[in-house]
Amino acid sequence: MTRIFILNGHPAETSLNKAMSLSYARTAAAHGHEVRILHLHDLDFDIDYGYAGYTEVKPLEPDLNSFFNNLEWCEHFVMTTPMWWGGLPGKLKGLFDRALLPGKAFDTHNTKMGMPAPMLKGRSGRVIVTADTPKFLMWLLYSNAMLRQTERQILGFIGLKPVKSSFFAAASHPKPTTVKRWLTQIEKLAAKAT
């Protein structure tokens with residue numbers, strides 16, 4: 001049994017990302033994994049960090065504490081997110097900006113080659129991305145920038161390893177048969193907690 005924390009990173013109440021996160025959660029629970037899930041659209045917090053550095057810290061709202069506590073609890077973190085303008089939705093990026101702080105997610109007093117030590121080791125991750133850009137163009141034109149950001153610069157930076165991605169496109173108007181195929185792929189990942 002694996003402790004799995006799922007974050008639906010789409011800011012809308014209804015979305016393909018939400019359907020994917022719920023499908024993952026149902027399948028993982030049915031296979032005996034312990035599952036917790038949060039939906040970004042339910043979380044209430046100010047996305048603006050509001051300071052130029054870390055000498056002053058804006059108090060965390062209860063929903064940010066809940067997100068971080070679930071991240072600490074889990075052994076495997078799963079995030080679904082759309083790609084908007086080549087990156088994460090603003091509210092999702094704000095969640096990371098506000099909740100992943102030094103002394104909690106990384107240690108600026110303990111560095112290696114100038115990089116802060118990650119504080120959330122011992123967890124793996126899966127990023128499920130929906131987009132309209134075909135996968136080969138993500139690589140060819142954009143060098144998989146968003147995937148590198150989420151896998152390495154955010155989740156890897158705080159210690160999650162390995163972090164793998166699943167990429168689904170074109171996601172704006174997929175056929176029902178395509179969505180069914182995508183959900184089947186997600187259910188296979190969920191059964192094995194990968």
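Note that the structure is predicted; figures quoted are calculated from it, not measured. (Residues numbered from 1 in each chain as written. Predicted model: local features only at pLDDT ≥ 70, side-chain atom pairs only at ≥ 80, totals over all residues. Heavy atoms only, no water.)

Taken together, the side chains of Phe136, Trp139, Leu140, Leu141 and Tyr142 present a nonpolar region at the surface, about 620 Å² in accessible area. Following the sequence through the fold, Trp139 ends up in helix 4 (residues 135–142). (Patch = residues over 30% accessible without salt bridge, like charges linked within 9 Å, V, L, I, M, F, W, Y side chains within 5 Å. Areas by Shrake-Rupley, 256 points an atom, 1.4 Å probe, with all protein chains shown as cover. Salt bridge = Lys/Arg side-chain N within 4 Å of Asp/Glu carboxyl O. Helix = DSSP H or I, 4+ residues; strand = E, 2+ residues; numbered from the N terminus.)

All right, on to the environment of Gln149 then. Within the element layout of this structure, Gln149 appears in helix 5 (residues 145–156). Linking Gln149 and Gly87, residues 62 residues apart in sequence, is a C-alpha distance of 8.5 Å. Here Gln149 is in contact with Leu88, Lys93 and Ile154, once residues within four sequence places are set aside. (Contact = heavy atoms within 4.5 Å.)

Overall, the coordinates contain six aromatic pairs when judged by the stated rule. Taking 6.4 Å as the distance between ring centres and 75° as the angle between the ring planes, the aromatic pair formed by Phe67 and Phe77 counts as edge-to-face. Here Phe67, found in helix 2 (residues 62–73), pairs with Phe77, found in strand 3 (residues 76–82); they are ten residues apart in sequence, far enough to count as distant. Of the residues examined, Phe67 reaches a relative accessible area of 1% and is grouped as buried. Ring centres of Phe106 and Phe157 lie 5.2 Å apart, and the angle between their planes is 65°; on these two criteria the pair is classed as edge-to-face. Placement of Phe106 in strand 4 (residues 106–112) and of Phe157 in the loop between helix 5 and strand 7 (163–169) is noted, with a sequence separation of 51 residues between them. Accessibility expressed as a relative area gives 7% for Phe106, which makes it buried. Among the aromatic residues, ring-to-ring pairing joins Phe5, Phe67, Phe77 and Phe96 into one connected group. Sitting above the plane of the Trp73 ring, Arg3 keeps its charged end 5.9 Å from the centroid. The ring of Phe68 has Lys104 sitting right over it, with the charged end atom 4.4 Å from the ring centre. (Phe/Tyr/Trp six-rings, centres within 6.5 Å; stacked < 30°, edge-to-face > 60°. Buried < 20%, exposed > 50% of the residue type's maximum accessible area, 1.4 Å probe, protein only. Lys NZ or Arg CZ within 6 Å of the ring centre and 35° of its normal.)

Here helix 5 is twelve residues long, yet its end C-alpha atoms lie only 14 Å apart, well below the 16 Å a rise of 1.5 Å per residue gives. Where the residues of helix 5 are buried, they touch strand 3, helix 3 (90–99), strand 6 (124–131), helix 4 and strand 7. (Expected span 1.5 Å × (residues − 1).)

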